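# Structural characterization, general
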Amino acid sequence: MDSDRRAILMAGVATAVAGGGGGRAVAEGTQAPPPVAGPLRLDDEARAAAAEDFGHIVRRMPQGVLLPASDQEIATMIRWAGNSQRKIAPQGQRHSVYGRAQVSDGMVIDMTQLRAVHEVRDDRVVVGAGATWSEVLAATLPRGLTPPVLTDYLDLSVGGTLTVGGIGGTTSQHGMQSDNVLELDVITGRGQKITCSSLGNAGLYDAVRAGLGQVGVITRATLKLVPAPEKVRRYLLTYPDLATLLKDERLLATANRFEAVQGSILPTPAGWTFKLDAVRCFSGDDPPDDKALLVGLSDDRSAAKLSTLSYVDYLKRLAALEQLLRSKGQWSYPHPWLMTFVGDSRIDSVASAELDRLTPADLGTFGQIVLSAFHRASVTTPLLQLPADSLVYAFNLVRIPTTDAVAEADRLVTANRAIYERVRGAGGTLYPVSALPMSSDDWRRHFGSAWHQLRDAKQTFDPGHILTPGYEIF
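Note that this is a predicted model, so its numbers are computed, not measured.

### Observations regarding unusual backbone geometry
- Its identity as a non-glycine residue notwithstanding, Ala210 has a phi of 60°, on the positive side.
- One can find Ala210 in the loop between α7 (202-208) and β10 (216-224).
- Looking at Ala210, the relative accessible area reads 3%, which means it is buried.
- Phi is positive for Glu472, close to 55°, though the residue is something other than glycine.

### Observations regarding a nonpolar patch on the surface
- A cluster of nonpolar residues, Leu318, Leu321 and Leu324, forms a patch on the protein surface that exposes about 190 Å² of accessible area.
- Residue placement: Leu318 occurs in the loop between α10 (311-315) and α11 (319-328).
- Relative accessible area serves as the criterion here: at 32%, Leu318 is assigned to the partly exposed category.

### Some points on the pattern of salt bridges
- One pass over the structure, following the stated rule, counts 28 salt bridges.
- In this structure, Arg59 engages Glu52 in a salt bridge whose closest nitrogen and oxygen atoms are separated by 3.3 Å.
- Residue Arg59 is classed as partly exposed on the basis of its relative accessible area, which comes to 49%.
- Arg233 is paired through a salt bridge with Asp290; the nearest N and O atoms lie 2.7 Å apart. Of this pair, Arg233 sits in strand β12 (residues 231-239) while Asp290 is found in helix α9 (residues 290-294), placing the two residues 57 residues apart along the sequence.

### Looking at the sheet that holds strand β5 (residues 117-120)
- Taken together, the five strands give an open sheet; going across it, the order is β5-β6-β10-β8-β9, and neighbouring strands pair in antiparallel fashion. Because the sheet does not close on itself, it has two edges, and the strands there are β5 and β9 (193-196). The average angle at which neighbouring strand axes cross in this sheet is 15°, direction not considered.
- Packed onto the sheet, helix α3 (residues 71-84) meets β8 (181-188), β9 and β10 and runs at close to 40° relative to β8.

Rules used throughout
- Residues numbered from 1 in each chain as written.
- Predicted model: local features only at pLDDT ≥ 70, side-chain atom pairs only at ≥ 80, totals over all residues.
- Heavy atoms only, no water.
- Helix = DSSP H or I, 4+ residues; strand = E, 2+ residues; numbered from the N terminus.
- Buried < 20%, exposed > 50% of the residue type's maximum accessible area, 1.4 Å probe, protein only.
- Patch = residues over 30% accessible without salt bridge, like charges linked within 9 Å, V, L, I, M, F, W, Y side chains within 5 Å.
- Areas by Shrake-Rupley, 256 points an atom, 1.4 Å probe, with all protein chains shown as cover.
- Salt bridge = Lys/Arg side-chain N within 4 Å of Asp/Glu carboxyl O.
- Pairing = 2+ DSSP bridges.
- Axes fitted to C-alpha atoms, helices over the stretch in contact; angles between N-to-C directions.
- Contact = heavy atoms within 4.5 Å.

Next comes the structure, spelled out in structure tokens:
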């Protein structure tokens, strides 16, 4: 699109905002387009794509989509938005489930344009925030290196997961992904580029990690790396009931036998099935001692499934499920997921009560409840809110509906809100990648003693309240 054509289109957008649709009036002299070299998509196709996310529940139509050629263009767009009283929503893989990365009548920044892997060293990798974790691994694994914490689904953007925290199977040992980032390049809501870390501009560093995009847009991240194993020994264990599953999760949380331990509860025609997925990493030809690793556990040993696979194949373990859901058309159905954290002192009663209320239909044939323990002390990101217990459980409802009916999605979102209130009443907290409405008061209560930290950082770095309005925090 040439500059004259873009100017005409942007002027038309500005006129529409001034004339109605619930948008703010645009100030005089601010209708010219931002001076950016990267493509500025104003066509219906680009805008409609940016109005959707993985949740397929909330839809907010932006005015346009910037495909930035550099982080400087992001800074230019943000400054222009501030002068024009517009909102900005950065988007990576659009894996939000409730419109958190969307914006009505504002501008989307497509972060997938900044996805290069810039440098791999023995202890770190420097990547664009739009890169996915699978792209990071493609660059690091040939060097025998891996990030210490990875999300189960690897096609999420680095910037997107650092913005919410990023939990994985090894969180109990290594914390969140946001605990393993060494340095960040950030464009603040003032349009300033700032490099931050624990050693410099620490206030911004602590407000950006798990800060839900409220104070800055991550454009580049320097991530910690550790040696990658060659293989994993995987133990899929089955349990007769919730109490026995939790007993073994507590035992393994103290014994530290495995690199990753993830519990789950699956719906079946006969009722709930309780599973534990434990992994021991190794290299070379000598596998771990199965007997020593499983001693003292109370699973149904006759149903145990043990296997050895490459580290790469283990990391790609969800690919088959994704392919299956895509083949059935369910990948594009609504995803009304709920992610929470519950303390060890209340997990038995909370999980038991919710299992009594839930039916297999509330999760879907391929859905599950995640129930995984990790040590609270392993997480150091200040804005990541956890219960006070030393042992904490991820208690997640991964709902995969068998229908795309709006009424069913609405029903499950309403149910999510009710469950969250019960979890919160039991001292639990929200992992904000969840499909449920949250008011400003809810967010204030969620952040608790950290609220003043986030509020003050917002005033310092995004006083115009330009960035990431989808969370509706301020």
